[in-house]
Amino acid sequence: MEKQFAITSKGKTIKSPVDLRFGKCDYLVIHRPGDEVARLIENPFRKDKNPGIKLAEFLKKNEITAIITGGVGVEVSDYLASQHLQLIQLEEADMRIVDILERIG
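Everything numeric in this text was worked out from a predicted model, so none of it was measured.

Draft legend 1. Expanded view of the packing of helix α1 (residues 51–61) against helix α2 (residues 74–82). Running from N to C, α1 and α2 point in directions that differ by 20°, and their axes come no closer than 9 Å. The angle between the axes of α1 and α2 places the two elements in the roughly parallel class. Where α1 crosses over α2, the handedness of that crossing is right-handed. Residues G52, I53, A56, E57 and K60 of α1 lie in contact with α2, whose contacting residues are E75, V76, Y79 and L80. Along the lines of polarity and charge, the residues of the contact of α1 with α2 split into 5 nonpolar, 1 polar and 3 charged.

Draft legend 2. Structural context of the pairing of strand β5 (residues 86–89). Pairing of strand β4 (residues 66–69) with β5 involves 4 bridges; the strand directions are parallel. Bridging across to β5, A66 finds its partner in Q86. Crossover β4 to β5 through α2 is right-handed.

Draft legend 3. Expanded view of unusual backbone geometry. Its identity as a non-glycine residue notwithstanding, N50 has a phi of 60°, on the positive side. Relative to the helices and strands, N50 is located in the loop between β3 (39–42) and α1. Of the residues examined, N50 reaches a relative accessible area of 47% and is grouped as partly exposed. Phi angles above zero are rare outside glycine, and E63 is one such case at about 65°. For E63, the location among the structural elements is in the loop between α1 and β4.

Draft legend 4. View of the nonpolar core. Ranked by internal contacts, the top residues of the largest apolar core, which has 16 residues, are F22, L55, L59 and L80. Counting only elements with at least two residues in this core, the list comes to β2 (27–31), α1 and α2. The contact partners of L55, leaving out residues within four places of it in the chain, are F22, G23, C25, L28, N43 and F45. Judged by nonpolar contacts, the second largest core, of 11 residues, contains V29, A66, M95 and I97.

Here is what the cut-offs are and how they apply
- Along every chain, residues carry numbers that run from 1 in the direction the sequence is written.
- It should be noted that, the model being predicted, local features are given only for residues of pLDDT at least 70 and side-chain atom pairs only at 80 or more, the latter also being counted only at that level, while totals for whole chains, interfaces and linings use all residues.
- Heavy atoms throughout the structure, all of them, feed into the side-chain values; hydrogens and water do not.
- Think of each axis as a best-fit line through the C-alpha atoms, taken over the contacting stretch in the case of a helix, with angles from 0 to 180 degrees between the N-to-C directions.
- Secondary structure elements are defined from DSSP: runs of H or I of at least 4 residues count as helices, runs of E of at least 2 residues count as strands, and each element is numbered from the N terminus.
- Throughout this description, any angle smaller than 35 degrees is read as roughly parallel, any larger than 145 degrees as roughly antiparallel, any in the 65 to 115 degree range as roughly perpendicular, and the remainder as oblique.
- Handedness of a crossing follows from how the near helix is turned relative to the far one, being left-handed for an anticlockwise turn of less than a right angle and right-handed for a clockwise one.
- In this description, contact between two residues means that some pair of their heavy atoms is separated by no more than 4.5 Å.
- Residues are grouped as follows: nonpolar covers Ala, Val, Leu, Ile, Met, Phe, Trp, Tyr, Cys and Pro; charged covers Asp, Glu, Lys and Arg; every other residue, Gly included, is treated as polar.
- What makes two strands pair is DSSP finding at least two bridges between them.
- With the strands pointing away from the viewer, any crossover whose connection runs clockwise from the first strand over the helix to the second is right-handed.
- When accessible area is computed with a 1.4 Å probe and restricted to protein chains, residues below 20% of their type maximum are described as buried, those above 50% as exposed, and intermediate ones as partly exposed.
- Among the buried residues, those of types Ala, Val, Leu, Ile, Met, Phe, Trp, Tyr and Cys that are joined through side-chain atoms within 4.5 Å form a nonpolar core.

Next comes the structure, spelled out in structure tokens:
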């Protein structure tokens, strides 16, 4: 399976900062290394109860293989591990999406 990343974002462009909240993030940038263009989607679960697990299940169904975000709860962490989804946790609140895209290609 090809690597496909989901990166949590606070805004609608690749110059937006990373959102360190997983389930309550506003947007997600979907990126496949080697592609010139990343897709941006609005988080459909950010206002739901238990948004983290719903978002994790949604990303799994959409063939995401790695998630780049800040913290996640225990339930989400356990789900991601059980589904063999890679979790890359950031601590830098001022990192922008474009910086991450440059790193992953």
